[in-house]
Amino acid sequence: MSKALAARAQQVRILIAAGKAAPTPPVGPALGARGVKSMDFCKEFNARTAHIEPGVPTPTLITIQPDRSFTFITKTPPTAYFLKKAAGIEKGTGRPGHETVGTVSLKHVYEIARIKATDGHLKHLRLEAIARTVVGTARTLGVEVVP
Amino acid sequence: MSFLRAVHRTSRAARLFQRSYAADAKASAAASSSAGAKDAEDAPRSSCPPNTVLIGANYLKNQPAVLALPDEDYPPWLWTILQPQELPDDGPGGKAEKVRLRKENRQRIRDQNFMKTQ
């Protein structure tokens, strides 16, 4: 029982534009600091996100083993990104609840919820529940949801 | 926040009232649904007419444009998600009580934290 503890696997969460991973910051230092060859990661990431429109922010979770090998998971783009695109705005409001910067229809919300439901960590939720979370995100952005 | 809740409450009351005239409201709502969002908030019909292009829903390459379907093609719960959920009262230990207690506890913590800053 006096074996030295093996180093834990580390996890890095990062938002990368699909198809556009490059060794430059922010990706380079974040991975390089943990011993991962960023070129390898970028090639594999770009290959895996080839089916996504380039430039769409894609959250990824990279798990780095003690022997510097890595695996990663990509998830669906952030809900805020979809809502901002649907409402045609660049940024959400600085004063949610007081200011409204855009409107979105319930049908938009339904489609966004359908996309999010393909995500692995949401597949146990009913579509109605996911749609309600999208409405919640719209509220914090200052986007009004209209039926 | 409570003002917002009051606004939602009144529109829901108006909605319930209007549902009793479903036969007439449907015809007029369909005609005016493309005219404005004000009417649509009263009846459970969308302000988004069918076959409008939904902009936010495309993120895959070469994905055909996502179109809005007619209102009937959407599940019925979609029109209720803007209102807070009504939980039936299951008596002590039931889900409604848990949600209520959780809400009260969190509000109490917020109030206490605020008072500590005063």
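Each remark here, short or long, concerns the structure printed above.
Residues numbered from 1 in each chain as written. Chains lettered and ligands numbered in written order. Predicted model: local features only at pLDDT ≥ 70, side-chain atom pairs only at ≥ 80, totals over all residues. Heavy atoms only, no water.

Caption draft 1: Seen up close, the sheet that holds strand β2 (residues 57-64) of chain A. Residue and element names in this part refer to chain A. Read from one edge of the open sheet, three strands run β1-β2-β3, paired in antiparallel fashion. Taken across any chain shown, the strands that pair with only one partner, and hence form the sheet edges, are β1 (10-17) and β3 (70-74). Neighbour-to-neighbour, the strand axes of this sheet turn through a mean angle of 25 degrees, independent of strand direction. Where β1 meets β2, eight bridges bridge the pair, whose relative direction is antiparallel. The residue bridging R13 from the neighbouring strand is L61, located in β2. Across the sheet, helix α2 (residues 38-48) touches β1, β2 and β3, and the angle it forms with β3 is around 30 degrees. (Pairing = 2+ DSSP bridges. Helix = DSSP H or I, 4+ residues; strand = E, 2+ residues; numbered from the N terminus. Axes fitted to C-alpha atoms, helices over the stretch in contact; angles between N-to-C directions. Contact = heavy atoms within 4.5 Å.)

Caption draft 2: Expanded view of the packing of helix α4 (residues 106-116) of chain A against helix α5 (residues 127-141) of chain A. All names here are of chain A. Look at α4 against α5: their axes get within 9 Å of each other, and the N-to-C directions meet at 115 degrees. The hand of the α4/α5 crossing is right-handed. Counting all contacts with α4, which are made through V109, Y110, I112, A113, R114 and K116, the residues of α5 involved are L127, I130, A131, V134 and V135. Here the residues of the contact of α4 with α5 are counted per class, giving nine nonpolar, no polar and two charged. (Left-handed = near helix turned anticlockwise from the far one by under 90°. Nonpolar A, V, L, I, M, F, W, Y, C, P; charged D, E, K, R; others polar.)

Caption draft 3: Main features of the side chain of E128 of chain A. Its location among the elements puts E128 of chain A in helix α5. Look at E128 of chain A and you get buried, because its relative accessible area is 14%. The contacts of E128 of chain A, once residues within four sequence positions are left out, are W77, I81 and Q85 of chain B. (Buried < 20%, exposed > 50% of the residue type's maximum accessible area, 1.4 Å probe, protein only.)

Caption draft 4: Inspection of the interface of chain A and chain B at higher detail. Contacts between the two partners involve 30 residues from chain A and, on the opposite side, 35 residues from chain B. For the pairing of chain A and chain B, the buried interface totals around 2700 Å² over both sides, and the portion due to carbon and sulfur atoms is 68%. It is K107, R132 and P147 of chain A in chain A that bury the most area against chain B; as a group they hold 28% of the surface buried on that side. At the junction of chain A with chain B, the criterion picks out one salt bridge. Put simply, chain A and chain B have seven residue pairs in polar contact (both at pLDDT 80 or more) between them. Only α3 (79-87), α4, α5 and β5 (143-146) of chain A provide two or more residues apiece to the side of chain A that touches chain B. Of all the elements, α4 of chain A adds the most residues to the side of chain A that touches chain B, at seven residues. (Buried area = accessible area lost by both parts, 1.4 Å probe. Salt bridge = Lys/Arg side-chain N within 4 Å of Asp/Glu carboxyl O. Polar contact = N/O pair within 3.5 Å; in protein donor to acceptor, adjacent residues only side chain to side chain.)

Purely spatial values, then, with no claim about function.
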